[in-house]
Amino acid sequence: MSWTIPKIWEGGDVWILGGGPSVAKQFDIPKVVVQNVISGTYPLSAYSKYMAPIHDKHVIGINVAYLIGDWLDMCFFGDVDFFLKRSEELAAWPGLKITCSDTAGKQPWLKFIEKDREHIRGISTRPDRVSWNLNSGTCAISIAAWTGAKRIFLLGFDMNLGEDKRQHFHNAYERAPVTDEEKLRKWMGTFDRHLRGFEFIAEDAKKLGIEIINVSPTSEIREFKKVSLNEALQ
Amino acid sequence: MERKNKSEATEVADLPSEPVFRWKVVGGSPFHGNNHRIYKPGEVFKATEAEVPLAFRDVIIKVDTVSVQEQERILPGKVATYEIKEREKVDPEDDKEVALYDVVNHKGKVINEKPLSKKKAESFLKDLTE
């Protein structure tokens, strides 16, 4: 049965922590720490103290973001492959774990929310559904919206590669920098697909009276106001 | 057209005892399953090894090495825990002051946005834990 998202954050701010490389820059995480996390010398939780400004906020972590700390309120993922690779450590994480993967959703310690088949793109029209938008991060916007958020802050929604040609601010998926032309084209295609939902999300957010703020100044997303983390926290 | 998510694979048969895997049609032609269903190029479906003839394995590829039964095996895991805490009164001597509550997580972090009535806090607790 599909979980119904409770309006726990009505009128508040909700932060969604994606995986884009801009996160490290926005939180002023020293390069040496980032390098050590990427090389696997430090765990992802080495970033936690730098993220103190959002520890007391309402935060939804996408995919491996939950490994940063248990101050995140929710972990959301949509991909069954992610679950298959991470099930043990995910099972041990004490926070609220939510998925729209029907395979993973069979676990009793996960909240399962069905994908909205009638509203695939944008923000779901039902509190017990999520609009997939072909991406876990954009899918989580439906969750944030149905918790009653008035403002949604997007972190790490870059939809492009970082200066070091990496897709994420970590290397949890063990992917090398994208230097090969063919791989680069493939990734650009993936980012293009991920970008398609934002037009619909912006339209739905406007109807719902939700302001979405993109805390990634270098993001490819054009639909929302872009600010730095410092500006967002003011 | 939206591509079907991998997790939404079509089922060929209802829970056969043999391991079931997810398969993807990577060739340019549809695949005719032995259940009389036709799978379009790009479509992901569930079937046993026996249901996908070896001769088709260049155009029908296995998506995972782990069977669907194994993927759906119930694992032990932590369920998020919450409790209700009463907020400190502004004036502890004031009996008329309405009591307000929070729902807090395992770390004591307040989950709700606004202070809650006991009834609302209990309702959120139920929503988060059931």
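Preceding this paragraph is the structure being described.
Residues numbered from 1 in each chain as written. Chains lettered and ligands numbered in written order. Predicted model: local features only at pLDDT ≥ 70, side-chain atom pairs only at ≥ 80, totals over all residues. Heavy atoms only, no water.

Asks: Could you clarify how one ought to interpret the overall build of chain B in this entry?
Replies: From N to C terminus, chain B includes two helices and eight strands. Tracing chain B from N to C terminus, the helices and strands come up as β-β-β-β-β-β-α-β-β-α. Taken over 130 residues, chain B has a buried fraction of 34%. Within chain B, residue pairs in contact and separated by at least 24 positions form 49% of the contacts whose partners lie at least 6 positions apart. Roughly 8300 Å² of accessible area belongs to chain B as shown, and the carbon and sulfur atoms make up 53% of that amount. (Helix = DSSP H or I, 4+ residues; strand = E, 2+ residues; numbered from the N terminus. Buried < 20%, exposed > 50% of the residue type's maximum accessible area, 1.4 Å probe, protein only. Contact = heavy atoms within 4.5 Å. Areas by Shrake-Rupley, 256 points an atom, 1.4 Å probe, with all protein chains shown as cover.)

Asks: Would you mind showing me how to read the overall build of chain A here?
Replies: Helices and strands together make up the secondary structure of chain A, namely seven helices and 10 strands. Against the 2.2 N^0.38 benchmark of 17 Å for 234 residues, chain A shows a C-alpha radius of gyration of 16 Å, consistent with a compact globule. In terms of its C-alpha atoms, chain A occupies a principal-axis envelope of roughly 45 × 40 × 35 Å. Counting the 234 residues in chain A, one finds 60% classified as buried. Summed over all atoms, the accessible surface of chain A reaches about 9800 Å², with 49% contributed by carbon and sulfur. Side-chain charges of chain A comprise 30 positive and 30 negative groups, with the mean position of each set lying 1 Å from the other. (Rg over C-alpha atoms; globule rule 2.2 N^0.38 Å. Lys, Arg positive; Asp, Glu negative; His and termini not counted. Charge placed at Lys NZ, Arg CZ, Asp CG, Glu CD.)

Asks: What exactly am I supposed to notice about the layout of surface pockets here?
Replies: Rolling a probe over the atoms, with the probe sized like a water molecule, indicates the empty space that remains. All names here are of chain A. When its volume is computed, the second largest pocket comes out at roughly 590 Å³. Around the second largest pocket, the lining is made up of 21 residues, and of these Pro21, Ala24, Lys25, Glu163 and Asp164 lie nearest the centre. Of the residues belonging to the lining of the second largest pocket, the class tally is eight nonpolar, seven polar and six charged. (1 Å grid on protein atoms, 1.4 Å probe; cavity = no way out; pocket = protein on both sides within 12 Å on 5 of 7 lines; lining within 4 Å. Points joined across faces, edges and corners; volume = space filled by probe spheres on them. Nonpolar A, V, L, I, M, F, W, Y, C, P; charged D, E, K, R; others polar.)

Asks: Where do I start with the interface of chain A and chain B in this structure?
Replies: Note on interface size: it is often stated as the accessible area lost on association of the parts. Taken together, the contact pairs 43 residues of chain A with 31 residues of chain B. Of the roughly 3100 Å² buried at the junction of chain A and chain B (both faces included), carbon and sulfur atoms supply 49%. Here chain A is connected to chain B by four salt bridges. Between Asp70(A) and Lys107(B) there is a salt bridge; the shortest N-O distance is 2.9 Å. At the surface where chain A touches chain B, the tally comes to 20 residue pairs in polar contact (both at pLDDT 80 or more). Those elements that provide at least two residues to the side of chain A that touches chain B are α3 (80–92) and β4 (96–99) of chain A. Residue classes in the side of chain A that touches chain B are distributed as 18 nonpolar, nine polar and 16 charged. (Buried area = accessible area lost by both parts, 1.4 Å probe. Salt bridge = Lys/Arg side-chain N within 4 Å of Asp/Glu carboxyl O. Polar contact = N/O pair within 3.5 Å; in protein donor to acceptor, adjacent residues only side chain to side chain.)

Asks: Teacher, can you tell me more about the packing of aromatic side chains here?
Replies: Each aromatic ring pair is summarised here by two numbers: the centre-to-centre distance and the angle between the ring planes. What the rule picks out here adds up to 12 aromatic pairs over all chains. Between the aromatic rings of Tyr47(A) and Phe169(A), the centroid separation amounts to 5.5 Å while the plane-to-plane angle is 45°, which identifies the pairing as tilted. You can see Tyr47(A) sitting in the loop between α2 (31–39) and β2 (58–62) and its partner Phe169(A) sitting in the loop between β8 (151–155) and α5 (181–195), a full 122 residues away along the chain. Residue Phe169(A) is classed as buried on the basis of its relative accessible area of 3%. Geometrically, the ring pair formed by Phe31(B) and Phe56(B) is edge-to-face, given 5.4 Å between the ring centres and 65° between the ring planes. Placement of the pair is Phe31(B) in strand β3 (residues 31–32) and Phe56(B) in the loop between β5 (44–48) and β6 (60–62), with a sequence separation of 25 residues. A residue is classified by how much of its surface remains accessible, and Phe31(B), at 4% relative accessible area, is buried. The exposure class assigned to Phe56(B) is partly exposed, which follows from its relative accessible area of 39%. Three or more aromatic residues joined by ring pairs form one cluster here, namely Phe77(A), Phe82(A), Phe83(A) and Trp109(A). One residue, Lys115(A), lies across the ring of Trp132(A), its end atom 4.5 Å from the ring centre. (Phe/Tyr/Trp six-rings, centres within 6.5 Å; stacked < 30°, edge-to-face > 60°. Lys NZ or Arg CZ within 6 Å of the ring centre and 35° of its normal.)

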